[in-house]
Amino acid sequence: MLKNIRTSRVSSIRRCYGQKPDTQYDAIIVGGGHNGLVAAAYLSKAGKKVCVLERRPIIGGAAVTEEIVKGFKFSRASYLLSLMRPQIYKDLNLKKFGLKYYLRNPSSYTPLRKPYWTSKAKSLTLSQDAAFNYAEISKFSQHDAEKYLQYEKKMENFVDCIQPLMDISPSSLARLFSKEVPLMTKLNLIKSKDMRDAISGLLKLSTCLPFAYEIMFTSAVDIMNKWFDSEPLKATIMTDACVGSTLSPETIGSSYVLIHHVMGGIDDHKGAWVYPEGGMGSVSKAIANCALHHGAHIFTNQNVVQIHLNDRNEVEGVSTEDGTFLKSSKILSNATPQVTFLNLLPSGSLDPKYANSIAKIKYQSPVTKFNVALNKIPNFLCDPNTSENAIMPHHRCTIHLNCESMDVILKAHEEGTNGILPNKPLIEMTLPSSLDPTLCPEGNHVCLIFSQYTMYNLKNGQSWDRQTKDEYAKLVFDSIEEYAPGFKESIVGYEILTPPDLEKIFGLTGGHIFHGELSLDQLFFNRPANWSTLSPYTAIKGLYLCGSGAHPGGGVTGSPGRLAALSAIDDFKNK
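In this text the structure is predicted, and so the values were computed from the model without any measurement.

### Re the overall build of the protein chain
Phase 1: Tallying secondary structure elements over the protein chain gives 18 helices and 22 strands in all.
Phase 2: Computed over C-alpha atoms, the radius of gyration of the protein chain comes to 23 Å, within 12% of the 25 Å expected from 2.2 N^0.38 for 575 residues, which places it in the range of a compact globule.
Phase 3: Judged by the C-alpha coordinates and their principal axes, the protein chain covers about 70 × 55 × 50 Å.
Phase 4: In the protein chain, buried positions account for 61% of the 575 residues.
Phase 5: Residue pairs in contact within the protein chain that sit at least 24 positions apart in sequence constitute 73% of those at least 6 positions apart.
Phase 6: Accessible area of the protein chain: about 22,700 Å², with a carbon and sulfur share of 51%.
Phase 7: Mean positive and mean negative side-chain charge positions of the protein chain (61 and 55 charges, respectively) differ by 6 Å.

### Examining the sheet that holds strand 3 (residues 50-53)
In a beta sheet, neighbouring strands pair by backbone hydrogen bonds and run either parallel or antiparallel.
Phase 1: Pairing is parallel in the open sheet, where five strands are placed in the order 12-3-2-16-22. Two strands in the sheet have a free side with no partner beyond their single neighbour: strand 12 (297-299) and strand 22 (543-545). Each strand axis lies, on average, 20° off the axis of its neighbour in the sheet, ignoring direction.
Phase 2: Relative to strand 12, strand 3 runs parallel, the two sharing three bridges. The residue of strand 12 that forms the bridge with Leu53 is Phe299.

### Quick word on the packing of helix 3 (residues 130-138) against helix 4 (residues 142-162)
Phase 1: Here helix 3 crosses helix 4 at 150°, and the two axes come no closer than 7 Å. Regarding the angle of helix 3 to helix 4, the classification is roughly antiparallel. Relative to helix 4, helix 3 is oriented so that their crossing is right-handed. Where helix 3 approaches helix 4, its residues Ala130, Asn133, Tyr134, Ile137 and Ser138 are matched on the opposing element by Gln142, Asp144, Ala145, Glu146, Tyr148 and Leu149.
Phase 2: A breakdown of the residues in the contact of helix 3 with helix 4 according to their chemical character gives six nonpolar, three polar and two charged.

### Digging into the state of the cysteines
Phase 1: A complete count under the given rule lists zero disulfides for this structure.
Phase 2: The thiol of Cys161 is unpaired, and the distance to the nearest cysteine sulfur, on Cys208, comes to 3.9 Å.

### A look at the packing of helix 9 (residues 220-227) against helix 10 (residues 231-242)
Phase 1: With their axes 10 Å apart at the nearest point, helix 9 and helix 10 run at an angle of 150° to one another. Classified by the interaxial angle, the pair formed by helix 9 and helix 10 is roughly antiparallel. Between helix 9 and helix 10 the crossing geometry is right-handed. Contact residues: helix 9 offers Ala220, Val221, Met224 and Asn225, while helix 10 offers Lys234, Ile237, Met238 and Ala241.
Phase 2: Classifying every residue of the contact of helix 9 with helix 10 gives six nonpolar, one polar and one charged.

### A closer look at the pairing of strand 21 (residues 491-497)
Phase 1: Of all the seven residues making up strand 21, six are buried; the element is thus mostly covered by neighbouring parts of the structure.
Phase 2: Here strand 17 (residues 368-374) runs beside strand 21; their pairing, made up of six bridges, is antiparallel. Counterpart to Asn371 in the pairing with strand 21 is Glu495.

### Quick look at the nonpolar core
Phase 1: Ranked by internal contacts, the top residues of the largest apolar core, which has 76 residues, are Tyr151, Phe158, Met224 and Ile259.
Phase 2: In terms of residue count, the dominant contributor to this core is helix 4 (eight residues).
Phase 3: Among all residues touching Ile259, those that are not within four sequence positions of it are Met155, Phe158, Val159, Ile162 and Ile215.
Phase 4: Counting 41 residues, the second largest nonpolar core, distinct from the first, contains Leu37, Leu94, Val274 and Ala568.

### Describing a nonpolar patch on the surface
Phase 1: Taken together, the side chains of Tyr213, Phe217, Ile252 and Leu520 present a nonpolar region at the surface, about 440 Å² in accessible area.
Phase 2: Summarising the element assignment, Tyr213 is placed in helix 8 (residues 209-217).

### Section: the side chain of Ser172
Phase 1: Mapped onto the elements of the fold, Ser172 is located in helix 5 (residues 170-176).
Phase 2: Judged by relative accessible area, Ser172 falls into the buried class, the value being 9%.
Phase 3: Beyond its immediate chain neighbours, meaning those up to four positions away, Ser172 contacts Leu189 and Met195.

### Focus on the pattern of salt bridges
Phase 1: A full pass over the atoms with the stated rule returns 24 salt bridges.
Phase 2: Measuring nitrogen to oxygen at the nearest pair gives 2.7 Å for the salt bridge that ties Asp197 to Lys193. A residue pair is termed a helical-turn pair when its members lie 3 or 4 positions apart in one helix, as Asp197 and Lys193 do in helix 7 (residues 193-204) at four residues.
Phase 3: Its relative accessible area of 32% is what places Asp197 among the partly exposed residues.
Phase 4: Given a relative accessible area of 52%, Lys193 falls into the exposed group.
Phase 5: Here Asp311 and Arg312 are joined by a salt bridge, their closest N and O atoms 3.8 Å apart. Take Asp311 and Arg312: they sit in the same class, and that class is exposed.

About the criteria used
- Residues numbered from 1 in each chain as written.
- Predicted model: local features only at pLDDT ≥ 70, side-chain atom pairs only at ≥ 80, totals over all residues.
- Heavy atoms only, no water.
- Helix = DSSP H or I, 4+ residues; strand = E, 2+ residues; numbered from the N terminus.
- Rg over C-alpha atoms; globule rule 2.2 N^0.38 Å.
- Buried < 20%, exposed > 50% of the residue type's maximum accessible area, 1.4 Å probe, protein only.
- Contact = heavy atoms within 4.5 Å.
- Areas by Shrake-Rupley, 256 points an atom, 1.4 Å probe, with all protein chains shown as cover.
- Lys, Arg positive; Asp, Glu negative; His and termini not counted.
- Charge placed at Lys NZ, Arg CZ, Asp CG, Glu CD.
- Pairing = 2+ DSSP bridges.
- Axes fitted to C-alpha atoms, helices over the stretch in contact; angles between N-to-C directions.
- Parallel < 35°, antiparallel > 145°, perpendicular 65-115°, else oblique.
- Left-handed = near helix turned anticlockwise from the far one by under 90°.
- Nonpolar A, V, L, I, M, F, W, Y, C, P; charged D, E, K, R; others polar.
- Disulfide = S-S within 2.5 Å.
- Core = buried A, V, L, I, M, F, W, Y, C linked by side-chain atoms within 4.5 Å.
- Patch = residues over 30% accessible without salt bridge, like charges linked within 9 Å, V, L, I, M, F, W, Y side chains within 5 Å.
- Salt bridge = Lys/Arg side-chain N within 4 Å of Asp/Glu carboxyl O.

This is the structure:
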């Protein structure tokens, strides 16, 4: 019988940092998510007295490891590492502070249900090896095998051009081209390697302009149909354009999310997605260890309830739920723009037009996450295990289910965005315990399921009550059972996190994992809002946005935290 876990037990990384906050700091960071911790590490390295206030009993925000089922440690929300910016690994020396990881190769596995089997192929596996991918895709289409190599090359060239934009702030680029900014200031901006790389990348765009235009101004479906014939390949690639997004893959601009998810890699492994040893909480812990090493104060169970302003509408500190007031002239908020501007600031402190633009940010989430404990490894019909509990190469991959064709995904999107639980949900399943033995008892496995499309608000006022959660869990588990019979009986226990759960537990407005949709109208100069101040700055002097609601957006990149910290450090120098 399936056991739905309703309460969680925080894993061994739970601990409080420090005893009691001081009364005054150079900078206070609201929220101990990975971006807030990155900001704390950079500021403390710069010699600033820094305090991080996290409302939960555990640091990391959505990048946490928690023991949901006794003996099983889960990456409870985010579950793979790739997008963290290279400068952050280097600047914060994260390996020294405990970060280890397991490289996955192969990396992507799409099993097919039996009706879709052919004489040549029952599944599609992709890796970082071009020859391997050519052989795999050739089972479906020789044409696609050749085109895939061309597509990968063009995508890599385009990403190389625009990726440096993740490492500069919109405010710094705007100053560079502003007529009001003195020449000496512009020269200082150009001295920055990040700025030079970004300008160089933009200049190189001319070498791949047709492909760039195609990617940015057509839909994900159009891109897939233009390049490929085989449906399993198209559906598998297209999932990267769907992750966390409510946009239809048929919508113009939907391909940007695909671009966002291929801007990663780790060490020399370009584009690789890895399992951090001990789960995603170990990433946050390594960053926190760096910040602590340099003198930062980090506190858990400290819920900030208000950002205080002086009579000049500048920040002067924060107060917590227990009534404690902490003074600072620099506040960096890791919370969503909605929470930061409309919940924490005093009423009337924002210009009405600015407040209105913040209120209109799109937060509708399509995501429901499952954390499942298994007593054995899944056994896929199309690629049977060599023995009952043998770990096969495909178990280490991101496993794409209900991806036989783009139509299956589009049907799930249509049902979900109409407030209906999709009959065939889009599913990405990972089994990090296939590589990481620290997560659960030997012979058992941790299974992480990322599913779409499930709206925050369901049709006809249906709520995400226990009955609805059980109904959706059955749909997801029944889907997996079609590919791997025996999956349901192997479940020891599970947790289901719907959009309202993600909002309540992690403070994600609307349950949106990216702090707002990664659509073209909510990127770069328009993130978080199109107004007179540009990320990471805000309309309030001394208040910076350091979470995923700022440029460059969501994912475990660390970039919003780094950019906010660097801006604050510059402001300290220019005070």
